[in-house]
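# A structural walkthrough
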Amino acid sequence: GRASFSLDGEPVPSVSHNASLTRSFSESRVRTFVRLSGTDTREFAGDEPSSFQLLAAQLNRTATIDATSDWQASMSMQMARQTFGETDSGLTTTAVGSASYFEREVFGFRDLGFRSELIVNGSGFGTSDENDRLSERIDSQWNNQLEYRIGKIIVTLQARAFRNSGELGNAAFLRVLRRFD
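What comes next is a walk through the structure.

What counts as what
Residues numbered from 1 in each chain as written. Predicted model: local features only at pLDDT ≥ 70, side-chain atom pairs only at ≥ 80, totals over all residues. Heavy atoms only, no water. Pairing = 2+ DSSP bridges. Helix = DSSP H or I, 4+ residues; strand = E, 2+ residues; numbered from the N terminus. Buried < 20%, exposed > 50% of the residue type's maximum accessible area, 1.4 Å probe, protein only. Polar contact = N/O pair within 3.5 Å; in protein donor to acceptor, adjacent residues only side chain to side chain. Contact = heavy atoms within 4.5 Å. Patch = residues over 30% accessible without salt bridge, like charges linked within 9 Å, V, L, I, M, F, W, Y side chains within 5 Å. Areas by Shrake-Rupley, 256 points an atom, 1.4 Å probe, with all protein chains shown as cover. Salt bridge = Lys/Arg side-chain N within 4 Å of Asp/Glu carboxyl O.

Pairing analysis gives 11 bridges linking strand 9 (residues 137-150) to strand 10 (residues 153-164), with the strands arranged antiparallel. Counted as the bridge partner of Ile150 is Ile153 from strand 10. Here strand 9 folds back onto strand 10 in antiparallel fashion, the turn holding 2 residues, of which Gly151 has a positive phi close to 60 degrees. Counting the residues that bridge the hairpin from strand 10 to strand 11 (residues 167-178) gives 2 residues, and of these Ser165 lies at a positive phi of roughly 55 degrees.

Written out as structure tokens, the structure is:
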């Protein structure tokens, strides 16, 4: 249990439970990380009791393709519910998934790197309120970046395509950076 206090300084009895399970392992050129966790907190404050439950899962996998390239995939998901008095948020689920590829020597050039990453975010699945701004929303973006290092100068060209709230968009950036280390 834990102690918390109301605005008037009175103690609020509560109980909280946390649990997690983590597993990490490597096999040859592949590394995997898995984590499952849960939290349950309840406060018993007179006429306005509250509770919060959270379940989370995370999976990450990285693999070395060869001496100059890697790929990575990750996914995380959370399910949450919160109540306060008579108000219940309902069960809300959010998830993020990504996949990326990284090449350190493009076309055999030692200081020319390339990274491509696809990210998908989903939120609001299972929300009880149809008008909730997070209700069943999926956003995504695809980033591609080419980077060349010349001594302390780094030249980066980045292109991005994205979908946000149902709208499509894109952007391109050119950055020249001089390090002073």
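Here we take up the side chain of Asn143. Mapped onto the elements of the fold, Asn143 is located in strand 9. Take Asn143: its relative accessible area is 10%, and that puts it in the buried class. Polar contacts involving the side chain of Asn143 include one to the side chain of Arg160, which spans 2.7 Å. Apart from residues no more than four positions distant in its own chain, Asn143 is found in contact with Arg115, Ser116, Glu117, Ile119, Gln158, Ala159 and Arg160.

Time to look at a nonpolar patch on the surface. Together, Leu146, Tyr148, Ile150, Ile153, Leu157, Leu174 and Val176 give the surface a local cluster of nonpolar side chains, amounting to about 650 Å² of exposed area. Secondary structure elements with two or more residues in the nonpolar patch: strand 9, strand 10 and strand 11. Here the nonpolar patch gets 3 residues from one element, more than from any other, and that element is strand 9. Here Ile153 lies in strand 10.

This paragraph deals with the pattern of salt bridges. Pairs may arise between side chains of opposite charge once their charged atoms sit close together. Counted under the stated rule, the structure contains 8 salt bridges. Two residues, Arg81 and Asp88, come together in a salt bridge whose shortest N-O distance is 2.7 Å. The salt bridge involving Arg149 is made with Glu147; its shortest N-O contact spans 3.2 Å. Exposure remark for Arg149: the relative accessible area of 34% places this residue in the partly exposed category.

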